[in-house]
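Summary of structural features
One letter stands for each residue in the lines below.
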Amino acid sequence: MSGATLRMLDKAYNEVLKLPRAVKGAIYDFQHKFRENPESPGLQLKQVKGNSPLFSARVNLDYRALLLHAGNQDYVIVAIKPRQEVYDNLDRYAYQVNPVSGGIEFVDLVTAEATVPEEPAGPAPLFAKYSDETLLGLGVAEPMLMLISKLTTEDELQALISYAPQLTAEVLLELFAGKTPEEVMEQITAPVAAAEEIDVEDYQAALERPATATTEDGALQAILEEGDFGRWKVFLHPTQRKIVNREYGGPARVSGGPGTGKTIVALHRVKHLVDRLGPGTGKDVLLTTFNTNLAADLRQRLLDLAGPETLARVDIFNIDKLAVKVATEASGSAGRQWINDVKAVEEWRRLLEELGEQQWDAQFLHDEWSQVILGQGVTTRAEYFKARRAGRGQRIGREARASIWRLVERFVKRLDDQRMWTLRQVAERAALLETDRANNIAAADDVVPQEGSELQHRYRHIIVDEAQDLSPTHWRMLRAMVAEGPNDMFIAGDTHQRIYGQYASLGQLGINIRGRSAKLTLSYRTTHEILGTAAALLGDEEWDDLDDGNDDLAGYRSVLRGLPPALQPYPTWEAQLDGITEQIVKWGSGSIAVAVPERWMTEAVSKRLSKADIHASVIGTEGPREIDAPVHIGTMHRFKGLEYQRMILAGVSEGLLPGSWILELKQTDPARYRSEIKKARSLLFVAATRARDSLMISWNGKKSRFLA
């Protein structure tokens, strides 16, 4: 016998992650041998009981794989267990084809029962008001009903759902959050329900349904060797897959908290769109983001996911590099030097010092010029008097606007004299050029353009990741780069993670996403405990939805469990450096990172770790200098889009987070104070949610008010 297929259930993957490295290697060897010949004597494949489709097979001396035989030569790994556990608990393994979703589900009832105490911890069962029929109709796994009826606290619920099938976990979390069964049916169950009638005995048909989250033979190696991203290349939750594959009549947006899979959805969307392109060699799809580190990471991830053929059809640019590319293609930019926001603020500061101007500070003027004047394409003082200032906080009248306009004129002349452009100016120039190009295309609608012609939009599809960080100017440029129509723009972002202060209303910029928005609420990256700590860092702030509405993290949750984050004070910075070192030594292995609020701290941490013979790499503008270094160090801004098993957030002290300069604004500029506090909260939230399994937050002196 040969040619067997072997896949792995999503839940089994979580077990594999926790196993020793040697066992993971044995699983790969087992997979290879099983595919060659499942009846090889060394594998000891045998039916565990009667006519059951459940089989066991030998992984190594101490571990066994539990497999469901779906029919023909198709098998599914549903669990990896120590040898003795397999044979002691045969009667407590429950498996089924879910009659609602049609997917294969497996539950280790022994492990699940251990999470529910014999004596109730709370006054009344959490789900007493829902009948078994209601729960089953929503897709809850029948073998779990008895355990669910005993739950009386949130902690018990969170512990149990770690072992529950995906649909069961999501239904219970939403009911616990207060949603009605009708709402849960519409938002959770219906999107994954099978369209056809379900035969609960037909495992072969169940294996092919999206609700059975499995990996194929060849991808199993990637999971074992690459860790989390290997998983993402294979597993898409049915809700995510629906977003990826949907036909949209215009711009579409997906939002969701950290770890909900927005970036992965965006990457799969790129692959989906490229797969639908006809033959050609052009770069028809643009994938862009704000952060330079992220752009490099997206390129590698897309290559891993879809291969070089897909990558060849996609332009991947950091948004500012894209603007520079457009601007430098046109005349008038030769000999110009580009300066980033930090250097632009320094130029503003020099100008104000030379003029003796004290009414406005450099950062405020830079933001006003970048976000309001350049962002809206304002070219005259009269236009500025009428310009909307949404998201800018402080209200300013006509006299103040006149004063600001005079300073902007002086500043622009200063830059021209030095042959300098800020990246915001470059983006404005690029937006104007692309808008002119789009207008020319519209005016010549009866002309058939040649490939690469100026009478053709640059791209057929645009995908934006981390959309909350783009400025209005960036959006105007992107809107002009692609023709309005079906599937033109796909936008992924979360305004709770806006760390660069770029406010934009898509509707005001000609990007209409109304009726084409989806929200992801299940975090796949981090544990329930880390998630709770991170969400608390946001305080009671209000957040926009990129379209003049409000957004929140309602329903944001994780089915992963772990230890509570450690909050660790130290008397001095030196003592904190020692504590960081000790914690890394204690953790020992796995991907580890140290995030700090200010740049000078990265070198201090690096030197201290080097002294202890711990190899670490500092994250620069293009990402970690050494990707394979066991420890990465960087400012919190540098960790956008990255993830690690274990994170240390160091220096979370008052005066650093929030910075002392922000605290001074409370008296001088209350509106800007609130804006900067919000941005600082987002930064700490982003850093905390990079952690998958373990998080330590440390400080010396007075701890940050965000930790109160």
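Residues numbered from 1 in each chain as written. Predicted model: local features only at pLDDT ≥ 70, side-chain atom pairs only at ≥ 80, totals over all residues. Heavy atoms only, no water.

**Brief notes about the overall build of the chain**
Summing up its helical and strand segments, the chain has 28 helices and 27 strands in all. Taking 2.2 N^0.38 as the reference for a compact globule, 708 residues should give roughly 27 Å; the C-alpha atoms of the chain span a radius of gyration of 28 Å, in line with that estimate. Oriented by its inertia axes, the alpha-carbon framework of the chain measures out at about 90 × 70 × 55 Å. Within the span of the chain, comprising 708 residues, buried residues form 57% of the whole. Taking all contacts inside the chain whose residues are at least 6 apart in sequence as the whole, residues at least 24 apart take part in 73%. Surface summary for the chain: the accessible area is close to 30400 Å², and the carbon and sulfur share equals 49%. (Helix = DSSP H or I, 4+ residues; strand = E, 2+ residues; numbered from the N terminus. Rg over C-alpha atoms; globule rule 2.2 N^0.38 Å. Buried < 20%, exposed > 50% of the residue type's maximum accessible area, 1.4 Å probe, protein only. Contact = heavy atoms within 4.5 Å. Areas by Shrake-Rupley, 256 points an atom, 1.4 Å probe, with all protein chains shown as cover.)

**Remarks on the confidence of the model for the chain**
Per-residue pLDDT for the chain averages 87, and the proportion of residues at 70 or more is 94%. The secondary structure element of the chain with the lowest average pLDDT is helix α11 (residues 217-226), at 54, and the one with the highest is strand β14 (residues 461-464), at 98. (pLDDT = per-residue confidence, 0-100.)

**Re the sheet that holds strand β11 (residues 314-318)**
What the six strands build is an open sheet, ordered β11-β10-β14-β15-β9-β16; its pairing is parallel. At either margin of the open sheet sits one strand with a lone partner, and together these are β11 and β16 (517-520). Each strand axis lies, on average, 15 degrees off the axis of its neighbour in the sheet, ignoring direction. Across the sheet, helix α17 (residues 319-329) touches β10 (285-289) and β11, and the angle it forms with β11 is around 105 degrees. (Pairing = 2+ DSSP bridges. Axes fitted to C-alpha atoms, helices over the stretch in contact; angles between N-to-C directions.)

**Focus on the sheet that holds strand β23 (residues 616-620)**
One open sheet holds the seven strands; their spatial order is β21-β27-β26-β22-β25-β23-β24, and the pairing between them is mixed. Unpaired on one side and paired on the other, β21 (566-570) and β24 (623-624) mark the two borders of the sheet. Here β23 pairs with β24 via two bridges, running antiparallel. Bridging across to β24, I619 finds its partner in P624.

**Considering the nonpolar core**
In terms of nonpolar packing, the biggest core is built from 37 residues, with M636, F639, M647, L649, V652, L684 and L695 touching the most fellow members. Taken together, the elements giving at least two residues each to this core come down to α24 (528-536), β22 (592-596), β26 (644-649), α27 (660-668), α28 (670-688) and β27 (691-700). At nine residues, α28 tops the list of elements feeding residues into this core. Ignoring any residue separated from it by four or fewer positions in sequence, one finds V652 in contact with M636, L657, L684, I697, S698, W699, K703, S704 and L707. If you look at the next biggest cluster of nonpolar residues, it comprises 33 residues, including L286, A427, A431 and M481. (Core = buried A, V, L, I, M, F, W, Y, C linked by side-chain atoms within 4.5 Å.)

**Digging into the pairing of strand β7 (residues 104-108)**
Among the five residues in β7, five count as buried, and that is most of the element. Residues I104, F106 and D108 point to one face of β7 and E105 and V107 to the other, with burial holding for every one of them. Taken together, the five bridges between strand β6 (residues 93-97) and β7 define a ladder with antiparallel strand orientation. Each bridged residue has a counterpart across the sheet, and for V97 the counterpart in β7 is I104. Counted between consecutive antiparallel strands, the loop separating β6 from β7 contains six residues, among which G102 sits at a positive phi close to 80 degrees.

**Thoughts on the pairing of β23**
Most of β23 sits inside the fold, with five of its five residues counted as buried. Going residue by residue along β23, you find A616, V618 and G620 tucked away on one face and S617 and I619 tucked away on the opposite face as well. Where β23 meets strand β25 (residues 631-635), three bridges bridge the pair, whose relative direction is parallel. Note on β25: the bridge partner recorded for S617 is H632.

**Here we look at unusual backbone geometry**
Cis geometry is adopted by the peptide bond preceding P658, which originates at L657 and carries an omega value of -5 degrees. Secondary-structure assignment places P658 in the loop between β26 and α27. Residues other than glycine seldom take positive phi values, yet E466 does so here, at roughly 50 degrees. Tracing the sequence through the fold places E466 in the loop between β14 and α23 (472-481). For E466, a relative accessible area of 7% puts it in the buried group. Located in the positive-phi region is L546, a residue other than glycine, with phi close to 70 degrees. Relative to the assigned elements, L546 resides in the loop between β18 (543-544) and β19 (550-551). A residue is classified by how much of its surface remains accessible, and L546, at 3% relative accessible area, is buried.

**Overview of the packing of helix α19 (residues 362-374) against helix α22 (residues 423-443)**
Between α19 and α22, the shortest axis-to-axis distance is 10 Å and the interhelical angle comes to 5 degrees. It follows that α19 is roughly parallel to α22 by the angle criterion. Residues H366, W369, S370 and L374 of α19 pack against R424, Q425 and E428 of α22. For the contact of α19 with α22, the per-class residue count stands at two nonpolar, three polar and two charged. (Parallel < 35°, antiparallel > 145°, perpendicular 65-115°, else oblique. Nonpolar A, V, L, I, M, F, W, Y, C, P; charged D, E, K, R; others polar.)

**Considering helix α9 (residues 181-189)**
Where α9 is concerned, the buried positions are V184, I188 and T189. Along the axis of α9, the buried positions cluster into a sector of 70 degrees, meaning they face one direction only. Pointing more than 90 degrees away from the buried face of α9 are the exposed residues E182 and E186. Turning to α9, the residues buried within the fold contact α5 (132-137), α8 (166-176) and β20 (557-558). (Arc of directions from axis to C-beta.)

**What about the environment of G249?**
Position of G249 among the secondary structure elements: in the loop between α13 (238-245) and β9 (252-256). Using a relative accessible area of 58% as the deciding quantity, one classes G249 as exposed. Along the backbone, G249 and A483 are 234 residues apart, and their C-alpha atoms lie at a distance of 12 Å. If we ignore the near neighbours within four places in the chain, the residues touching G249 are G485, P486 and R516.

**Observations concerning the pattern of salt bridges**
Taken as a whole and judged by the stated rule, the model has 38 salt bridges. A salt bridge links E368 to R389, with the nearest nitrogen and oxygen atoms 2.7 Å apart. Highlighted residues: E368 in helix α19 and R389 in the loop between α20 (381-386) and α21 (398-417), separated in sequence by 21 residues. Taking the relative accessible area as the measure of exposure, E368 reaches 0% and is therefore buried. When its relative accessible area of 12% is taken as the criterion, R389 is described as buried. E676 is paired through a salt bridge with R672; the nearest N and O atoms lie 3.8 Å apart. Remark: R672 and E676 occur in helix α28; sequence separation between them is four residues, near one turn of the helix. R672 sits in the buried class, given a relative accessible area of 6%. Through salt bridges with shared partners, a single network forms among E170, E174, K179 and R557. (Salt bridge = Lys/Arg side-chain N within 4 Å of Asp/Glu carboxyl O.)

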